[in-house]
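So you can see what is in the structure, the chains are spelled out below.
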Amino acid sequence: MGTAPAKRLSEMGYDENKLGFGDIFTDHMLTIRYSATAGGWQAPEIRPFENIELHPAGMVLHYGQQVFEGLKAFAGQNGDGIFLFRPDMNIARFNRSCVRMCIPPLDPKVFMDQMSALIRKDGDWIPRSPGTSLYIRPTVIATDPHLGVRPSKTYLFYIILSPVGAYYPEGFEPVKIMVTDKYVRAAMGGVGEAKTAANYAASLLAAEEAHAAGFTQVLWLNAVDKSSIEEVGTMNIFFKINGEIVTPALGGTILPGVTRDSVVTLCKDMGMKVSERTVTIDEVVKAAESGGLEEVFGSGTAAVISPVSHFQYHGKDYMVGDGKTGATAHKLFDEITGMQVGKRPDKHGWVVNIGS
Ligand code: COI
């Protein structure tokens, strides 16, 4: 692979610098079917990208029994292969989500090998421009044609690939977020830490209201008393308060983000004090009022690092720092995106070269 623009993208008339997120799909997909009566997961197939056929009573359509993941493939900077970032964590999280949703987990080796084969096959779709990548969307859905509420006995696992640019229209520019205590995302014992469609469906109304009020995303509070911070719609959240990096501890209601975990490690590497703990909205408001709130940024596979310039709580607007992207967010963005394409040293062994 070279550093010239992706061959298939240009053949198809796409401009690498105007990809947006999630609208373009490659030539192939991977499918693996599961049948409890036919011995479990069947042979994988890499086939031309096509619509999937579902019975109108297909259980995923009625009861949402589904799990997905999101990760990215990058063209190595020096034409030295295709790089994935910590795919083992996505595969492990996929299988944990499956257990929560009563879906049979996949063999992690089959998952990794087949996903890699698919990406290599469609390698000519991987964009090269800075800030672009090939987004990978593994998904599993319940396919039994049945209207009673129970776990399905058949499933379809598939992976589709989408060349993407920045997730938010703002790119790496700061976003504004709205703290909601009108809606909640997840409660203890629910499915908040699983990557399943229900969490995203439940977030839509709050997100629409936030958009209408001029905000990019919603910041969720805990369900019980709405005092502590959980996460943003599609990202985990970090605060720099008086020099300390703090992020809500994982406790069952928050998605255990791969980028979140990487940010915690990288901040420690940079010699910063990092705490995973309860972060109350009152603490954040007080820090904003006293000038101690130096930075706020989100982390996620799709969003990478997304600086937050303002937040609104109970109708009042607060500015973060000087309203511009902070130094920590900058460093993390450069470090993570540099590592992902092989431009920066990968001292934790997070980058996997799957060849080309
Ligand atoms: C990701 O960051 O990969 C996500 O899954 C967020 C999303 C686009 C739902």
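Rules and cut-offs
Residues numbered from 1 in each chain as written. Predicted model: local features only at pLDDT ≥ 70, side-chain atom pairs only at ≥ 80, totals over all residues. Heavy atoms only, no water. Phe/Tyr/Trp six-rings, centres within 6.5 Å; stacked < 30°, edge-to-face > 60°. Core = buried A, V, L, I, M, F, W, Y, C linked by side-chain atoms within 4.5 Å. Buried < 20%, exposed > 50% of the residue type's maximum accessible area, 1.4 Å probe, protein only. Helix = DSSP H or I, 4+ residues; strand = E, 2+ residues; numbered from the N terminus. Contact = heavy atoms within 4.5 Å. Salt bridge = Lys/Arg side-chain N within 4 Å of Asp/Glu carboxyl O. Expected span 1.5 Å × (residues − 1). Near = heavy atom within 4 Å. Polar contact = N/O pair within 3.5 Å; in protein donor to acceptor, adjacent residues only side chain to side chain. Areas by Shrake-Rupley, 256 points an atom, 1.4 Å probe, with all protein chains shown as cover. Nonpolar A, V, L, I, M, F, W, Y, C, P; charged D, E, K, R; others polar. Domains from an automatic or database assignment. Disulfide = S-S within 2.5 Å. Patch = residues over 30% accessible without salt bridge, like charges linked within 9 Å, V, L, I, M, F, W, Y side chains within 5 Å.

Student: Talk me through the packing of aromatic side chains; I want residue IDs and the actual numbers.
Tutor: Enumeration over the complete set of coordinates arrives at 15 aromatic pairs. A centroid spacing of 5.1 Å and a plane angle of 70° characterise the contact between Tyr167 and Tyr168, whose relative ring orientation is edge-to-face. Members of the aromatic cluster, each reached through a chain of ring pairs, are Tyr34, Trp41, Phe94, Phe111, Tyr155 and Phe157.

Student: Explain the nonpolar core to me, using residue names and the numbers behind them.
Tutor: Counting residues in hydrophobic clusters, the biggest one holds 42 residues, and the most contacted among them are Met115, Ile119, Ile136, Phe157 and Ile159. Elements with a minimum of two residues in this core: β1 (28-35), α2 (59-63), β5 (71-75), β6 (82-85), α3 (87-100), α4 (108-121), β7 (133-142) and β8 (154-164). Residues in contact with Met115, not counting those within four places in the same chain, are Leu30, Leu71, Leu84, Pro87, Ile91, Val110, Ile136 and Ile159. Membership of the second largest hydrophobic core comes to 27 residues, among which are Ile237, Val246, Val285 and Tyr313.

Student: Please set out the pattern of salt bridges residue by residue, giving values where relevant.
Tutor: In this structure the tally under the stated criterion is 21 salt bridges. Here Asp144 ties to Arg150 by a salt bridge, and the two come within 2.9 Å at their closest N and O atoms. Assessed through its relative accessible area of 8%, Asp144 is described here as buried. You can call Arg150 partly exposed: its relative accessible area is 29%. Note that Glu335 is salt-bridged to Arg344, the shortest N-O span being 2.9 Å. Residue classification places Glu335 among the buried positions, given a relative accessible area of 19%. Several salt bridges converge on common partners, so that one network encompasses Lys7, Arg8, Glu11, Asp27 and Asp124.

Student: Describe helix α7 (residues 258-269), listing the residues and the values that go with them.
Tutor: Counted at 1.5 Å a residue, the expected span for α7 with its 12 residues is 16 Å, and the 17 Å between its end C-alpha atoms agrees. What α7 keeps buried is the set Val258, Thr259, Arg260, Ser262, Val263, Val264, Leu266 and Cys267. Where α7 terminates, the next one or two residues include Gly271, which has phi positive at roughly 85°.

Student: Give me the lowdown on the site of the ligand, citing residues and values where you can.
Tutor: Taken together, Phe68, Gly70, Tyr135, Arg137, Tyr167, Lys195, Tyr200, Thr301 and Ala302 make up the full set of residues near the ligand. The separation between an oxygen atom of the ligand and a polar side-chain atom of Lys195 is 2.7 Å. Protein coverage of the free-state accessible area of the ligand, which is 290 Å², stands at 91%. Taken together, the residues of the shell around the ligand break down into 5 nonpolar, 2 polar and 2 charged. Of the residues that make up the shell around the ligand, three or more belong to each of domain 1 (5-164) and domain 2 (175-340).

Student: Break down the state of the cysteines for me, citing the residues and quoting the values.
Tutor: Under the counting rule described, the total for this entry stands at 0 disulfides. Left without a disulfide partner, Cys102 is nearest to the cysteine sulfur of Cys98, which lies 10 Å away.

Student: Requested: an account of a nonpolar patch on the surface, with residues and values cited.
Tutor: On the surface, a cluster of nonpolar side chains totalling about 330 Å² of accessible area is made up of Tyr63, Leu147 and Val149. With respect to the secondary-structure elements, Leu147 resides in the loop between β7 and β8.

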